[in-house]
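Each chain, letter by letter, is given below.
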Amino acid sequence: QVQLVESGGGLVQAGDSLRLSCAASGRTFSRYTMAWFRQAPGKEREFAASFWSGGSTVYADSVKGRFTISRDNTKNTVFLQMNSLKPEDTAVYYCAAARGSAGYYVYQYDYWGQGTQVTVSS
């Protein structure tokens, strides 16, 4: 069982930056694919970025060039650095973990955090 706890959300203005963190329990963190999803009001949860255990990163087109996902396996933590934030980035951001390789889809991930709210004002 893996528990994920997100932090770092908040209210910012357009153009600002935020860094989200996700702390994971468990001794095999380095083997998991870690990802960030987001869900805006009235919309489905959508993929934002992922970091495979092998080191590859993948980004949604909507965040590419602005967001950076990273992980520190020594601290069982994954980060999402968000720059040049836009009002359309407003959402609850969820950290997710998959036991194996995983892509863009919610069903591919086995564990989820409770989410952290990011609000970007114009």
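From a predicted model like this one, the values you see are computed outputs, not experimental measurements.

### Examining the sheet that holds strand E8 (residues 77-82)
Moving on, step 1. Taken together, the 4 strands give an open sheet; going across it, the order is E1-E3-E8-E7, and neighbouring strands pair in antiparallel fashion. Bordering the open sheet on either side are strand E1 (4-7) and strand E7 (67-72), each of which pairs with just one other strand. Neighbour to neighbour, the strand axes of the sheet diverge by 15 degrees on average, direction disregarded.

### Focus on the environment of proline 87
Moving on, step 1. In this structure, proline 87 sits in the loop between E8 and strand E9 (91-98).
Moving on, step 2. The partly exposed category is assigned to proline 87, whose relative accessible area is 36%.
Moving on, step 3. Put simply, proline 87 and glycine 15 are 72 residues apart on the chain and 9.2 Å apart in space, counted from C-alpha to C-alpha.
Moving on, step 4. Those residues in contact with proline 87, other than ones at most four positions away along the chain, are Ala14, Val120, Ser121 and Ser122.

### Let's talk about the packing of aromatic side chains
Moving on, step 1. Overall, the coordinates contain 8 aromatic pairs when judged by the stated rule.
Moving on, step 2. Summarising the aromatic geometry, the rings of tyrosine 105 and tyrosine 107 are spaced 5.8 Å apart at their centres and angled 20 degrees between planes, so their arrangement reads as stacked.
Moving on, step 3. On the accessibility criterion, tyrosine 105 (47% relative accessible area) is partly exposed.
Moving on, step 4. One aromatic cluster in this structure is built from Phe37, Phe47, Tyr104, Tyr105, Tyr107, Tyr109 and Trp112.
Moving on, step 5. Note that arginine 19 overlies the ring of phenylalanine 79, its terminal NZ or CZ placed 3.9 Å from the centroid.
Moving on, step 6. Between arginine 71 and the ring centre of phenylalanine 29, over which it is positioned, the NZ or CZ distance is 4.7 Å.

### Regarding unusual backbone geometry
Moving on, step 1. The backbone of asparagine 76 sits at a positive phi, close to 50 degrees, despite the residue not being glycine.
Moving on, step 2. Following the sequence through the fold, asparagine 76 ends up in the loop between E7 and E8.
Moving on, step 3. Given the relative accessible area of 17%, asparagine 76 is considered buried.
Moving on, step 4. Backbone geometry at serine 84 places phi at a positive 50 degrees, although glycine is not the residue there.
Moving on, step 5. The class of serine 84 is partly exposed, set by a relative accessible area of 42%.

How each quantity is defined
- Residues numbered from 1 in each chain as written.
- Predicted model: local features only at pLDDT ≥ 70, side-chain atom pairs only at ≥ 80, totals over all residues.
- Heavy atoms only, no water.
- Pairing = 2+ DSSP bridges.
- Helix = DSSP H or I, 4+ residues; strand = E, 2+ residues; numbered from the N terminus.
- Axes fitted to C-alpha atoms, helices over the stretch in contact; angles between N-to-C directions.
- Buried < 20%, exposed > 50% of the residue type's maximum accessible area, 1.4 Å probe, protein only.
- Contact = heavy atoms within 4.5 Å.
- Phe/Tyr/Trp six-rings, centres within 6.5 Å; stacked < 30°, edge-to-face > 60°.
- Lys NZ or Arg CZ within 6 Å of the ring centre and 35° of its normal.

None of this, on its own, says anything about what the molecule does.
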